[in-house]
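Commentary on secondary and tertiary structure
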Amino acid sequence: MRTRIVWGLALFLLATLPATAQTAQEEAPSEPARFLIETVTVEGPKEAVANIVRAETLLRRGESYTEEELRQAVYRVHRLPFVLDASFALRKGSRRGAYELVITVQPARWFFFDHWIRAFAFEHPMDLQDETFRGHRSSVWIGGVAGARLFVGRSGELFGAFDSRDGLQLGFTQYDLFHRGVLASAGVSRELCCVTEVLPLALDPTFSSWSFDSSRKLSIGTSVPLGGRQSIQISLSDRRGQPGSHRGVLEDTPDRVRQLFAPSGELAYQRAEAKWVFDTSDDPLLPTRGVSVSAGVEAARFSSSGLRELASTPPFEFQRIPPFHSEQVMAALSGIWHLSISPRQTVSLMSRVFGGPSRLENLSLRNRTVGQTSVSSYGGSVGVQHSATLRRTRTAHNFADLRLETGAEIGFEKTAPDFGPSPLKRFSAHTGLVFRNPWGRVRATLTYLNFGKVVP
């Protein structure tokens, strides 16, 4: 009896196996359609911009691509800073099975601006030295950038601008170096007054800001594509100038640092970053979908030399102080996911973690100076933002976006040993409007900001 049952089950399985295999084959996902791209045509911009757009697609004539790969190519075009909008279509080529890829681009105007109005409400009194209007626990910052761009040669861009923070700027970007889609840029800026840098705790564990009375900044960068969605990006910057002051950010901290310098000596702040980037976002300024992930190494160095500090006790004369030097190297991983939940709404999830060692020499505290020491630091943050498009116009003579953005972020940073407000927590919540047209962007935001110590 048992043998008959076993044989019956076996015959049943053999009978149903072909049907099951056929059903699985029918349900298996088919390979996505591929399109042989014979030529790439760019419509809309002038020749230099068209050359840059064509190179940025990273598409090669005579090769086949899926619709998703073509869409990612257009997203890369859309992320160019001088492109407002981009779309693609396929036309029949010169032979059967071949296509002409047509990319329609709406370029930005030759004149550009990025203006912002930021209102802050602080849980504790803060001193960031950049405020236009400042109260006891609030401040309003007004500023921005205005400039012009000129395309030169086959695929070069020359630009000049005035930045309310960095002063006069001049720069050049060369696209499609070596005909491989490589980007290289260089810039210089000159500020005649009052630039403030709030250093990370690894460089200055007192959570302080250093102000430059006047400064110049040099920067260079490059981006090397590794494929459709990946690239290696390297950037370096160097700011040098006359010292202004050294102040603790939190005003109600008992051991807050306060130093006022004579207009002599020099402050220097250098930064370098090398990272791998995976990016599928659809817009550089107002993204609605896609993922952006980066992982790499960041290095920074800050130093002061020849400084004279105003004494806090009579006879209130300037006295020389030992040169301060700090440097750090850390690994960092960050990501942001833009999730489109409706045609006009996007939720963005953000996160970042970092950590690494640093070395300090002659760190000035409230009542003493630390000679040489090593510090390890780490930290992270998570955030969420909701974006709602209130207005979106795409016509031949009218391009405009109006978006409401609301979000919150929480983070912390810790150093060991602790020379100041470490571990330091940060919570911020913001809401504001962003308007964009062919000339530039205007942002008006209100932010609540709270710094404090994390409870161990």
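Rules of the game
Residues numbered from 1 in each chain as written. Predicted model: local features only at pLDDT ≥ 70, side-chain atom pairs only at ≥ 80, totals over all residues. Heavy atoms only, no water. Buried < 20%, exposed > 50% of the residue type's maximum accessible area, 1.4 Å probe, protein only. Helix = DSSP H or I, 4+ residues; strand = E, 2+ residues; numbered from the N terminus. Contact = heavy atoms within 4.5 Å. Pairing = 2+ DSSP bridges. Axes fitted to C-alpha atoms, helices over the stretch in contact; angles between N-to-C directions. 1 Å grid on protein atoms, 1.4 Å probe; cavity = no way out; pocket = protein on both sides within 12 Å on 5 of 7 lines; lining within 4 Å. Points joined across faces, edges and corners; volume = space filled by probe spheres on them. Nonpolar A, V, L, I, M, F, W, Y, C, P; charged D, E, K, R; others polar. Salt bridge = Lys/Arg side-chain N within 4 Å of Asp/Glu carboxyl O. Expected span 1.5 Å × (residues − 1). Phe/Tyr/Trp six-rings, centres within 6.5 Å; stacked < 30°, edge-to-face > 60°. Lys NZ or Arg CZ within 6 Å of the ring centre and 35° of its normal. pLDDT = per-residue confidence, 0-100. Core = buried A, V, L, I, M, F, W, Y, C linked by side-chain atoms within 4.5 Å.

Helical geometry: 3.6 residues make up each α-helical turn, so side chains three or four residues apart lie on a common side. Taken across its 10 residues, helix α2 (residues 47-56) has seven buried, putting it largely inside the fold. Among the residues making up α2, those that are buried are Ala48, Val49, Ala50, Asn51, Ile52, Val53 and Ala55. Of the surrounding secondary structure, the elements contacted by the buried residues of α2 are β1 (34-43), α3 (67-78), β4 (98-107), β7 (138-152) and β9 (167-177). Just downstream of α2, Leu58 is the residue with a positive phi angle, here 60°.

With that out of the way, let us pick up the sheet that holds β4. Spatial strand order, β2-β1-β4-β3: four strands in an open sheet with mixed pairing. Strands with a single pairing partner mark the edges of an open sheet, and in this sheet they are β2 (63-66) and β3 (83-92). Taken pair by pair, the neighbouring strands of this sheet meet at an average axis angle of 45°, ignoring direction. Across four bridges, β1 lies against β2 in antiparallel orientation. Note that in β2 the partner of Leu36 across the bridge is Ser64.

Taken as a whole, the second largest pocket holds about 630 Å³ of empty space. What lines the second largest pocket is a set of 23 residues, among which Ala55, Thr57, Leu58, Leu59 and Arg60 lie closest to the centre. Elements with a contribution of two residues or more to the lining of the second largest pocket: α2, β2 and α3. Of the residues that constitute the lining of the second largest pocket, the class distribution is six nonpolar, seven polar and 10 charged.

Inspection of the entire model under this criterion finds 28 salt bridges. A salt bridge links Arg165 to Asp166; the nearest nitrogen and oxygen atoms lie 4.0 Å apart. One salt bridge connects Asp401 with Arg436, and the closest N-O pair in it is separated by 2.9 Å. In this pair, Asp401 sits in strand β22 (residues 399-416) while Arg436 sits in strand β23 (residues 424-437), placing the two residues 35 residues apart along the sequence. With respect to burial, Asp401 and Arg436 carry one shared label: buried. Via salt bridges that share partners, Asp85, Asp283, Arg392, Arg394, Asp401 and Arg436 belong to a single interconnected network.

This structure, assessed with the given rule, holds one cavity of 30 Å³ or more. Looking at the lining of the largest cavity residue by residue, the classes come out as six nonpolar, four polar and no charged.

An ideal rise of 1.5 Å per residue puts 16 Å on 12 residues; α3 measures up with 16 Å between its terminal C-alpha atoms. Here α3 has its buried residues at Leu70, Gln72, Ala73, Val74, Tyr75, Arg76, Val77 and His78. Those residues of α3 hidden inside the fold are in contact with β1, α2, β2, β3, β4 and β15 (266-279).

Moving on, we come to the packing of aromatic side chains. Evaluated as defined, the whole model comprises 16 aromatic pairs. Plain terms: the ring middles of Phe120 and Phe122 are 6.0 Å apart, the flat faces sit at 20° to each other, and that makes the pair stacked. Residue classification places Phe120 among the buried residues on the basis of a relative accessible area of 13%. Measuring from ring centre to ring centre gives 6.0 Å for Tyr378 and Phe412, while their planes differ by 80°; the resulting arrangement is edge-to-face. In this pair, Tyr378 sits in strand β21 (residues 369-394) while Phe412 sits in strand β22, placing the two residues 34 residues apart along the sequence. Looking at Arg118, its charged tip hangs above the ring of Trp116, at a distance of 4.3 Å from the centre.

Attention now moves to the environment of Phe412. For Phe412, a relative accessible area of 35% translates into the label partly exposed. Taking the C-alpha atoms as reference points, Phe412 and Ser381, separated by 31 residues in sequence, lie 6.5 Å from one another.

Before going further, it helps to spend a moment on the confidence of the model for the protein chain. Overall, the predicted model of the protein chain reaches an average pLDDT of 85, with 89% of residues at or above 70. Averaged over each element, pLDDT in the protein chain is lowest for helix α1 (residues 2-27) (41) and highest for β15 (96). Low pLDDT (under 50) marks residues 1-28, which in the prediction has zero contacts with non-local residues, meaning those over four places away or in another chain.

To continue, consider the nonpolar core. With 22 residues, the main nonpolar core has Val53, Leu80 and Val105 as its most contacted residues. For this core, the secondary-structure elements that each account for two or more residues are β1, α2, α3, β3 and β4. Discounting residues that sit within four places of it in the chain, Leu80 has contacts with Ile52, Val53, Glu56, Tyr175 and Pro284. Core analysis: the next-biggest nonpolar cluster, separate from the first, contains 19 residues, Tyr269, Ala300, Leu365 and Phe419 among them.

Of the strand pairs in this sheet, β7 and strand β8 (residues 156-163) are connected by eight bridges, and their pairing is antiparallel. Within the sheet, the bridge partner assigned to Gly147 lies in β8 and is Ala161. The loop that links β7 with its antiparallel partner β8 comprises three residues; one of these, Gly153, has a positive phi angle of about 65°. Across eight bridges, β8 lies against β9 in antiparallel orientation. Its bridge partner being in β9, Ala161 is matched across the sheet by Gln169.

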